[in-house]
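Now for the letters of each chain:
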Amino acid sequence: MARITRDEVLHVARLARLELTGAEVEKFQEQLSDILEAVSKVSELDLADVPPTAHPLEIANAWGEDEPRESLPLDEVFANAPERDGDYFRVPPA
Amino acid sequence: MNVAWQPVVGLEIHVQLKTQTKMFCRCRNGFGGGPNTQTCPVCLGFPGALPVPNRRAIEETIKLGLALDCAIAERAVFHRKNYFYPDLPKSYQISQYDEPLCAQGKLVVPTADGGVTVGITRAHLEEDAAKNVHVAASGRLHGATATLVDFNRGGTPLLEIVTEPDIHDAETAKRFLQLLRQTVVELGLSDAELEKGSMRFDVNVSVRPEGSGELRTRTELKNMNSFNFAAKGIEREIARQIRIYEEGGTVEQETLHFDPAHEEAPPMRSKEEAQDYRYFPEPDLVPVHPPDDLVERLRAEIGELPGARIARIADTLSFYDADVLVTGGLDRLWADVVAAGADPKEAANVLANQFVAAGVDPARVDPAELAKLVSARAEIPRAAFDEALAKTGDTGFSAAPYLEQKVVADTGELDPIIERIIEANPAQAEQYRGGKQGLLGFFVGQVMKETGGKADPRVVNERVRAKLG
Amino acid sequence: MTLDTLRLTAEEADRLLRTKEISGAELFAAYLAAIGERDPELHAYLHVCENPGGDGLPLAVKDVIGTKGIPTTAGSKILESYVPVYDATVIANAKRHGLRVLGKTNTDEFAMGSSTENSAYGPSRNPWDPSRVPGGSGGGSAAAVSGGLAPWALGSDTGGSIKQPAALCGHVGLRPTYGTVSRYGVIAFASSLDQVGPVAKTVRDCAWLYSIISGRDANDSTTVDVPTVELPAGERLDGLRIGVPKEMNGADGIEPGVTEAVDRAIELAESLGASVEECSLPHSVDYGVACYYLVAPAEASSNLGRYDGVRFGLREDGADFREMIMRTRDAGFGDEPKRRIMIGTYALSSGYYEAYYGTAQKVRTVIKREHDALFERYDVLVSPTSPTVAFPIGAKIDDPIAMYMNDVLTIPSCMAGLPGLNIPCGLSQGLPVGLQLVGPQFAENTLFRAGHALEQAIGFDGVPERLR
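Residues numbered from 1 in each chain as written. Chains lettered and ligands numbered in written order. Predicted model: local features only at pLDDT ≥ 70, side-chain atom pairs only at ≥ 80, totals over all residues. Heavy atoms only, no water.

## Regarding the overall build of chain A
And then number 1: The number of helices and strands found in chain A is three helices and two strands.
And then number 2: Walking chain A from its N terminus toward its C terminus, one meets helices and strands in the order α-α-α-β-β.
And then number 3: Its C-alpha atoms put chain A at 55 × 45 × 20 Å along the principal axes.
And then number 4: Looking at chain A as a whole, 47% of its 94 residues are labelled buried.
And then number 5: Nonlocal contacts in chain A, meaning residues at least 24 apart in sequence, comprise 42% of its contacts between residues at least 6 apart.
And then number 6: For chain A, the computed accessible surface area is about 4900 Å², with 45% contributed by carbon and sulfur atoms.
And then number 7: Taking the 9 positively charged and 21 negatively charged side chains of chain A as two groups, their mean positions are separated by 8 Å. (Helix = DSSP H or I, 4+ residues; strand = E, 2+ residues; numbered from the N terminus. Buried < 20%, exposed > 50% of the residue type's maximum accessible area, 1.4 Å probe, protein only. Contact = heavy atoms within 4.5 Å. Areas by Shrake-Rupley, 256 points an atom, 1.4 Å probe, with all protein chains shown as cover. Lys, Arg positive; Asp, Glu negative; His and termini not counted. Charge placed at Lys NZ, Arg CZ, Asp CG, Glu CD.)

## Things to note about the overall build of chain B
And then number 1: On a plain count of helices and strands, chain B comes out with 15 helices and 14 strands.
And then number 2: Rg of the C-alpha trace for chain B: 29 Å, well past the compact-globule value of 23 Å for 469 residues, more than 25% over.
And then number 3: Counting the 469 residues in chain B, one finds 54% classified as buried.
And then number 4: For chain B, the accessible surface area stands at approximately 20900 Å², while carbon and sulfur atoms represent 49% of it.
And then number 5: Across chain B, the 53 positively charged side chains and the 69 negatively charged ones have centroids separated by 3 Å. (Rg over C-alpha atoms; globule rule 2.2 N^0.38 Å.)

## Brief notes about the sheet that holds strand S1 (residues 84-85) of chain A
And then number 1: A sheet is described by the order of its strands in space; here four strands give the open sequence S1(A)-S2(A)-S8(B)-S7(B), paired in antiparallel fashion. Either end of the sheet is taken by a strand with one partner, and the two such strands are S1 of chain A together with strand S7 (131-136) of chain B.
And then number 2: Examined bridge by bridge, S7(B) and strand S8 (residues 145-150) of chain B share six bridges and lie antiparallel to one another. Pairing of His134(B) across the sheet is with Thr147(B), part of S8(B). (Pairing = 2+ DSSP bridges.)

## Quick look at the interface of chain B and chain C
And then number 1: Each partner contributes residues to the interface: chain B has 31 residues there, and chain C has 36 residues.
And then number 2: Summing the contributions of chain B and of chain C, the shared interface buries around 2700 Å²; its carbon and sulfur component is 59%.
And then number 3: Along the contact surface separating chain B from chain C lie one salt bridge.
And then number 4: Counting across the chain B and chain C interface gives 18 residue pairs in polar contact (both at pLDDT 80 or more).
And then number 5: Among the elements of the structure, strand S3 (79-82) and strand S14 (280-281) of chain B are those that each provide at least two residues to the side of chain B that touches chain C.
And then number 6: Along the lines of polarity and charge, the residues of the side of chain B that touches chain C split into 22 nonpolar, four polar and five charged. (Buried area = accessible area lost by both parts, 1.4 Å probe. Salt bridge = Lys/Arg side-chain N within 4 Å of Asp/Glu carboxyl O. Polar contact = N/O pair within 3.5 Å; in protein donor to acceptor, adjacent residues only side chain to side chain. Nonpolar A, V, L, I, M, F, W, Y, C, P; charged D, E, K, R; others polar.)

## Considering the interface of chain A and chain C
And then number 1: Taken together, the contacts link 53 residues of chain A with 65 residues of chain C.
And then number 2: Roughly 5300 Å² is buried in total at the junction of chain A and chain C, and carbon and sulfur atoms are behind 68% of that figure.
And then number 3: Summed over the shared surface of chain A and chain C, the number is six salt bridges.
And then number 4: Between Arg327(C) and Glu19(A) there is a salt bridge whose closest N-O contact spans 3.9 Å.
And then number 5: In this structure, the connection of chain A to chain C is made through 19 residue pairs in polar contact (both at pLDDT 80 or more).
And then number 6: Secondary-structure elements contributing two or more residues to the side of chain A that touches chain C are helix H1 (6-15), helix H2 (22-39) and strand S2 (88-91) of chain A.
And then number 7: The element that contributes the greatest number of residues to the side of chain A that touches chain C is H2(A), accounting for ten residues.
And then number 8: For the side of chain A that touches chain C, the residue count by class is 35 nonpolar, five polar and 13 charged.

## Points about the packing of helix H2 (residues 170-186) of chain B against helix H5 (residues 306-313) of chain B
Residues and elements named next belong to chain B.
And then number 1: At a minimum axis distance of 9 Å, the contact between H2 and H5 shows a crossing angle of 110 degrees. In terms of axis orientation, H2 runs roughly perpendicular to H5. Here Leu179, Gln182, Thr183 and Glu186 of H2 lie close against H5, whose contacting residues are Pro306, Gly307 and Arg309.
And then number 2: Classifying every residue of the contact of H2 with H5 by side-chain character gives two nonpolar, three polar and two charged. (Axes fitted to C-alpha atoms, helices over the stretch in contact; angles between N-to-C directions. Parallel < 35°, antiparallel > 145°, perpendicular 65-115°, else oblique.)

## Some remarks on the pattern of salt bridges
And then number 1: In this structure the tally under the stated criterion is 71 salt bridges over all chains.
And then number 2: Here Glu65(A) makes a salt bridge to Arg55(B), at a shortest N to O gap of 2.8 Å. Taken together, the residues span two chains, with Glu65(A) in the loop between H2 and helix H3 (74-77) and Arg55(B) in helix H1 (residues 55-67).
And then number 3: The class of Glu65(A) is partly exposed, set by a relative accessible area of 39%.
And then number 4: Residue class for Arg55(B) comes out partly exposed when judged on its relative accessible area of 29%.
And then number 5: Ionic pairing is found between Glu254(B) and Arg240(B), a salt bridge with its closest N-O pair at 3.9 Å. Taken together, the positions of Glu254(B) in the loop between helix H3 (227-246) and strand S12 (255-257) and Arg240(B) in helix H3 put the pair 14 residues apart, joining distant regions of the chain. Each member of the pair, Glu254(B) as well as Arg240(B), carries the same accessibility label: buried.

## Section: the domain arrangement of chain B
And then number 1: Per the domain assignment, the segments of chain B are domain 1 (5-297), domain 2 (330-402) and domain 3 (411-468).
And then number 2: Taken over C-alpha atoms, the centre of domain 1 of chain B sits 40 Å from the centre of domain 2 of chain B. (Domains from an automatic or database assignment.)

## Considering the packing of H1(A) against H2(A)
All names here are of chain A.
And then number 1: Here H1 crosses H2 at 100 degrees, and the two axes come no closer than 10 Å. In terms of orientation, H1 and H2 fall into the roughly perpendicular class. Residues Arg6, Val9 and Leu10 of H1 form the contact with H2, whose participating residues are Val25, Gln29 and Leu32.
And then number 2: Class assignment for the residues of the contact of H1 with H2 results in four nonpolar, one polar and one charged.

## Points about the packing of aromatic side chains
And then number 1: One pass over the full model with this rule turns up 28 aromatic pairs over all chains.
And then number 2: Note on Phe46(B) and Phe312(C): the rings are 5.8 Å apart at their centroids and 85 degrees apart in plane angle, and the pair reads as edge-to-face. Taken together, the residues span two chains, with Phe46(B) in the loop between strand S1 (5-16) and H1 and Phe312(C) in the loop between helix H9 (284-303) and helix H10 (321-332). In this pair, the class of Phe46(B) matches that of Phe312(C), namely buried.
And then number 3: When the ring of Trp152(C) is compared with that of Trp208(C), the centres are 5.0 Å apart and the planes differ by 55 degrees; the resulting orientation is tilted. Taken as a pair, Trp152(C) in strand S4 (residues 152-157) and Trp208(C) in helix H6 (residues 203-213) lie far apart in primary sequence, 56 residues in all.
And then number 4: Members of the aromatic cluster, connected to one another through ring pairs, are Phe46(B), Tyr82(C), Phe110(C), Tyr307(C), Phe312(C) and Phe333(C). (Phe/Tyr/Trp six-rings, centres within 6.5 Å; stacked < 30°, edge-to-face > 60°.)

## Topic: the environment of Tyr178(C)
And then number 1: Mapped onto the elements of the fold, Tyr178(C) is located in the loop between strand S5 (172-175) and strand S6 (195-200).
And then number 2: Along the sequence, Tyr178(C) and Arg236(C) sit 58 residues apart, while their C-alpha atoms lie 28 Å from each other.
And then number 3: Apart from residues no more than four positions distant in its own chain, Tyr178(C) is found in contact with Pro56(A), Leu57(A), Pro283(B), Arg183(C), Ser191(C), Ser192(C), Leu193(C), Asp194(C), Gln195(C), Thr222(C) and Gly417(C).
And then number 4: In terms of polar contacts, Tyr178(C) uses its side chain to reach the backbone carbonyl oxygen of Ser191(C), at 2.7 Å.

## A closer look at the nonpolar core
A general tendency of soluble globular proteins is for nonpolar side chains to be buried together.
And then number 1: Membership of the largest hydrophobic core comes to 184 residues, with the highest contact counts inside it found for Ile65(C) and Phe110(C).
And then number 2: Setting aside its immediate chain neighbours within four residues, Phe110(C) contacts Ala74(C), Ser76(C), Ile78(C), Leu79(C), Ile187(C), Phe189(C), Leu304(C), Tyr307(C), Phe333(C) and Pro337(C).
And then number 3: Counting residues in each nonpolar core, the second largest holds 71 residues, with Leu101(B), Leu107(B), Leu177(B) and Phe201(B) among its members. (Core = buried A, V, L, I, M, F, W, Y, C linked by side-chain atoms within 4.5 Å.)

## Quick word on a negative patch on the surface
And then number 1: A cluster of like negative charges, contributed by Glu260(C), Asp263(C), Glu267(C) and Glu270(C), occupies part of the molecular surface.
And then number 2: Mapped onto the elements, Glu270(C) comes out in helix H8 (residues 256-271). (Patch = residues over 30% accessible without salt bridge, like charges linked within 9 Å, V, L, I, M, F, W, Y side chains within 5 Å.)

## Description of the sheet that holds strand S4 (residues 92-95) of chain B
And then number 1: The strand order across the open sheet formed by three strands is S4-S3-S14 (chain B), and the pairing between neighbours is antiparallel. Edge strands, defined here as strands with exactly one partner in the open sheet, are S4 and S14 of chain B.
And then number 2: Both S3(B) and S4(B) contribute to a ladder of four bridges, which runs antiparallel. Counterpart to His79(B) in the pairing with S4(B) is Ser95(B).
And then number 3: Together, S3, S4 and S14 of chain B form the strand contacts of H9(C), whose direction differs from that of S3(B) by roughly 60 degrees.

## With respect to the pairing of strand S11 (residues 219-222) of chain B
All names here are of chain B.
And then number 1: The pairing of strand S10 (residues 199-209) with S11 spans three bridges and is classified as antiparallel. Bridge pairing links Asn204 to Glu220 in S11.
And then number 2: As judged from the three bridges shared by S11 and S12, these two strands associate in the parallel manner. Directly across from Glu220, in S12, lies its bridge partner Thr255.

This is the structure we're talking about:
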């Protein structure tokens, strides 16, 4: 049975930068366990010689030419910025 | 109990390519305007933005791979490397994981007795992160800070090269880095300037008992921004690890962060938590299948690389001279000067020493004129030679006027001067005769001064020796 | 002239404009009036635009598609005040053809859902029965088109988000072949599955809108050239080989009324000259949902990483960067995105990659191969689009897996990058039933031809009974 432990929920939440409340952790543990159980079904198939599909189309070598295009003007760069400091984006210390 | 220890060093180098545009968008690449003026929805990671790979960056990566004798992948894939940081706008870096463009190559670092072969595990292509600037917030009492982010650098094409742990001393590590840098610069891929950050490297260091094949815990050295600094840092770390083992301890897996502004300061240590990057193939990009004709075209563009040139020229000159000329960017000029008639060793000598000191740009020199100058070196006064050499980079330089000035080699002219000087300096003459051979230089110097630099120093040397007895 | 926006097709509106029977301003105003009248109940729109001028056809746009200068929220609080500074390529294409953005339609948050109940701004309602869901994630566009609040709309489909709402609301929706419509400017959910597609009243309108938005885009390196679109006109289906996969049509949970309506449509197709034969997709239906709910959340967990409060969107306070982004993401994302981010992160994490994501990508190959094999013998595969008709709001919201099963019939072809068309084929319990036609890659013209002929023969009245 593929159940997810509380520690695992906390671990993935941390990896994904989600600060969950205690109640959320419990609720999600239950739901994620159900989902995980359902999706674990994929391992029932015999996939010995089956290659993975990363793309639905078999295309390759889609490249762009090394020719400059106009960048965004600063007012557009910062149009949605939560905090602008001069011409920088400002965030709490990393 | 004395064990001989063998250092084991591997390198991870990042080189910023100097393409016109960024790796996955067509914003201008390189220094330019003010912060955030070279950005767009793609390199800002705005919702809905998608990457489009830079063809030239891919080609240059393949080219470097070929120069490093790598196998070029038939199928290469970009992967996402996921983590959160302010300088990473998508919260993932597009990089390569287990299907890189180039793998299993080598770079031979020439030495006097053949060379050290350093395996290249892989060379791959990725995008650089943006730049965080950590600042103190004004008005705060307790040094609270903020982080300011400039996304101009974000998205710069970055070539990552990883070596096998085939390096066993700091000096070889340094020479490897120099040679790799020169190779990259000669291929026109990057300016590879450590101070500007267009070349960066990390060093992995461990030690093991000589003869054992094991690989012990390694530490990672980061943020050294000169090759000399790196050599010293590596040496210290090797010594530290040996000391630990000899005292019966264990080396911890750590990262040592050096301060580029304070080479002597001990590095900060951190045990970084193992990061889970959750690599998976980048679904917004399709695979790269380098076409054979492209690979062959790139291979043909490479030419003779610096390592090979050192090895070849060392057949004619000493290894040392060959190394100095090639790493100094002077071997092409040397070859031309020799072709124009100068003696190979004399030409090497002049180029490696006085020419470099004179600061002339080799690209501006007429090899034929320089050849004449080199060939006449013994015959013209030192001062005239030095003056001429300094001007060899001038447009239309001709050696002729300088060649007309001959040194005075006539002992008939020189002997009286020599005698006069010996007489005028009895104390030094006494000391010389008493054993202080070094004072020969004093007398020769006086004669040269007396003759305005025009005396032939070899003849003066001989005659002074003879006269002093 | 009073316009009956409930009946007006894009083709007809275009004719009226060209013959100058109505002006561009009148046309736009008619929709604004309809929206004023019915949208308070239907809640199809999150943002309604002012007339930008000109006399092009109005177009409703799902709120995951970036529109320059017009708020784009993806149905999430984390983008509540986000206004893009650039148009998605599909919008640029639409504008080049003179189309005008009428408004942004409601969606499950980040296109994750089958009912719009996951929208941070409240659900949309089914014009046939407002106590029921319009489907999702593109329920807003669906409610708009079926509710006479837009002549047509753009949606996005990842696991069925265009087709399933079209089925539940009784109109036409196309999920195009992957790679034929640019994703540039479209807020990403699952990159190898997302496609923007047309939502319309008729198959001809659908084909027309597809021809406007599709095509290779230099800004999206997963796009390819597209065969020229043919607007369908025929009435017969002679020569069309229809396959009826038994696992699709006999799947668990399909309501009898749905089966009945679909069976009648299949019989109709036969009478129009198509050959019909039962066939099999041995694993695609059985394992499709599990495969999808590994691949899509994995890609989403990475795509949603950029919502970190640094450059746009919501930002909560924090003493340091890490605290700020943890609080921002917790406050800004609803439960469904959080669930999917966590499942996705888990599926990609060290030690689990092979068992989950890696395995799912192989199952994807199996699904693709099974479909490819069938398309050697058939031109079109037919099934219901949704196992049920529209369900009541609130009925499945507490059961994520029950909600996921709404997509059991739309998901398999999505995994294979195949095009799928929904056309309404009848009613069950007074609510629309949708017929799904799936073709091989680049077979849109076949789908349009088949869909159009069937549509004409079925003669479904797309105006909700209660609004007639």
